[in-house]
Structure formats: C-alpha cells, structure tokens
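Structure assessment
Here is how the chains run, residue by residue.
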Amino acid sequence: MSCEFCLDTDGVPCFPIYGVGPHKCYWKIPGAIIGESQPIPVEEWPENYQETEPGMGIYWCPYCGEGKP
C-alpha cells in the first residue's frame, strides 16, 4: 500500500522507478562536460535501490517500501 510520500500530485504511486543507478551528475564533477557522470560506490547506495543490470536498477519508496522487488 502506498503512503503519502510515494504518491504524485494526482494520488498515483510513483514507485517503483526503473532507471540509472546512483551516480554523481556532471555538474558536481570538476571539469566534467554535459553527459558525463560517475557511478557512486556500492557501499554508498541508498537502501531503497537494487541493481538489476550493470548501471541500472529499481528504486522503491524509502518510507513504506512500495515497489520493493
């Protein structure tokens, strides 16, 4: 069951989300250009993320667990 933290403005659950794994965006990397990013080490990944293939994975609601595989 979804909670207030994982619903969009229409009341629809936003999780699970499939996408790029945890990374630093180019604007946070000195000297990087648009499109460059760096993966974050596995030890620093949030608890609400699970990798499904290299560099990609599923995020679920960190409050209620909605979308957790």
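In what follows, the structure referred to is the one given above.
Computed from a predicted structure; not experimentally measured. (Residues numbered from 1 in each chain as written. Predicted model: local features only at pLDDT ≥ 70, side-chain atom pairs only at ≥ 80, totals over all residues. Heavy atoms only, no water.)

**Quick notes on the overall build of the protein**
- Helices and strands together make up the secondary structure of the protein, namely zero helices and five strands.
- Start at the N end of the protein and walk to the C end: the helices and strands fall as β-β-β-β-β.
- Scaling as 2.2 N^0.38, a compact globule of 69 residues should have a C-alpha radius of gyration of about 11 Å, whereas the protein reaches 14 Å, well beyond that.
- Put simply, the protein has 69 residues, and 19% of those count as buried.
- Long-range pairs, those at least 24 residues apart, make up 44% of the contacts in the protein between residues at least 6 apart in sequence. (Helix = DSSP H or I, 4+ residues; strand = E, 2+ residues; numbered from the N terminus. Rg over C-alpha atoms; globule rule 2.2 N^0.38 Å. Buried < 20%, exposed > 50% of the residue type's maximum accessible area, 1.4 Å probe, protein only. Contact = heavy atoms within 4.5 Å.)

**What to know about the packing of aromatic side chains**
- Taken as a whole and judged by the stated rule, the model has three aromatic pairs.
- Measuring from centroid to centroid gives 4.2 Å for Phe5 and Tyr63, while their planes differ by 25°, and the two rings are stacked. Taken as a pair, Phe5 in the segment before strand E1 (17-20) and Tyr63 in the segment after strand E5 (56-59) lie far apart in primary sequence, 58 residues in all. Per residue, the accessibility class of Phe5 equals that of Tyr63, and both read exposed.
- Ring plane angle 45° and centroid distance 4.6 Å describe the contact between Tyr49 and Tyr59, whose orientation is recorded as tilted. With Tyr49 in strand E4 (residues 49-53) and Tyr59 in strand E5, this residue pair connects regions lying ten residues apart in the sequence. Both residues of the pair, Tyr49 and Tyr59, count as buried.
- Taken together, the ring pairs in this structure connect Trp45, Tyr49 and Tyr59 into an aromatic cluster. (Phe/Tyr/Trp six-rings, centres within 6.5 Å; stacked < 30°, edge-to-face > 60°.)

**Things to note about the sheet that holds E1**
- The three strands lie next to each other as E1-E5-E4, forming an open sheet whose pairing is antiparallel. The strands lining the two open edges of the sheet, one partner per strand, are E1 and E4. Neighbouring strand axes in the sheet, compared pairwise and without regard to direction, differ in orientation by 35° on average.
- As paired elements, E1 and E5 share four bridges and run antiparallel to each other. For Tyr18, the partnering residue across the bridge sits in E5 and is Ile58. (Pairing = 2+ DSSP bridges. Axes fitted to C-alpha atoms, helices over the stretch in contact; angles between N-to-C directions.)

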